[in-house]
Amino acid sequence: VTTCVFCRIVAGEIPAPRILENEHVLAFRDINPQAPVHVLVAPKLHVTRLDALNDVALEAALLSACRAVAADQKIAATGYRVVINTGSDGGQSVDHLHFHVLGGRAMHWPPG
Ligand code: 5GP
Ligand code: ZN
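We now turn to the structure provided with this report.

Cut-off values and rules
Residues numbered from 1 in each chain as written. Chains lettered and ligands numbered in written order. Predicted model: local features only at pLDDT ≥ 70, side-chain atom pairs only at ≥ 80, totals over all residues. Heavy atoms only, no water. Helix = DSSP H or I, 4+ residues; strand = E, 2+ residues; numbered from the N terminus. Polar contact = N/O pair within 3.5 Å; in protein donor to acceptor, adjacent residues only side chain to side chain. Expected span 1.5 Å × (residues − 1). Buried < 20%, exposed > 50% of the residue type's maximum accessible area, 1.4 Å probe, protein only. Arc of directions from axis to C-beta.

### Remarks on the environment of Asn-22
Next, step 1: Mapped onto the fold, Asn-22 is located in the loop between strand 1 (18–21) and strand 2 (25–29).
Next, step 2: Once the C-alpha coordinates of Asn-22 and Lys-44 are considered, the two residues, 22 residues apart in sequence, prove to be 9.1 Å apart.
Next, step 3: Polar side-chain contacts of Asn-22 include one of 2.9 Å to the backbone nitrogen of Val-25.

### Regarding helix 2 (residues 56–72)
Next, step 1: Here helix 2 is 17 residues long and its end C-alpha atoms lie 24 Å apart, about the 24 Å a rise of 1.5 Å per residue gives.
Next, step 2: If you check which residues of helix 2 are buried, you get Leu-58, Leu-62, Ala-65, Cys-66, Val-69 and Ala-70. Along the long axis of helix 2, the arc covered by the buried residues comes to 140°, so they all point the same way. Opposite its buried face, helix 2 presents the exposed residues Val-56, Ala-57 and Arg-67, each directed more than 90 degrees away.
Next, step 3: Regarding helix 2, its N-cap is Asp-55, as a side-chain oxygen of that residue lies 3.0 Å from the backbone nitrogen of Ala-57 further along.
Next, step 4: Phi turns positive, to about 65°, at Lys-74, one or two residues after helix 2.

Keep in mind that these numbers describe shape and distance, not what the molecule does.
Given below as C-alpha cells:
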C-alpha cells in the first residue's frame, strides 16, 4: 500500500482531473491552483525528486508532456511557466517528482 499522494493519483485511488496521459507520464490539475491553468506533470513511477531521476528518456517525456499540456490548455501562445520545486529550500511539498505548468496570467519575477 503506497502512501504517496501522487502514486495514488496515478493508480486512480485519489481522483484528479487528468489533462493528458501516456505510458510513462500523467498530467493532472493541481488541487490548489496558483494560476488559471495549473497542471502537474509527473512520472507514473515513483521518483522522489529531480536529483533521483536517472532516465534521460523519462526526462524528455516529462518535458514534452509539459509542452503538450501548454498546447492543450491554449497557453502556448500567451506564454507559461514550468517549475520544479526541489527539496526544502526549493519548496517541494510532495516527494514525488512533478513539473508545475502555470499559465493564463502574467507571472512575476523573481518568484517568492
Ligand atoms: P510542490 O510544493 O511539491 O512543488 O507541489 C505540490 C503540489 O501538489 C501543490 O501545488 C499542491 O497543491 C498539489 N497537491 C497536493 N496534494 C494534491 C492532491 O491530492 N491532488 C492534486 N490534484 N494536487 C495536489
Ligand atoms: Zn509516488
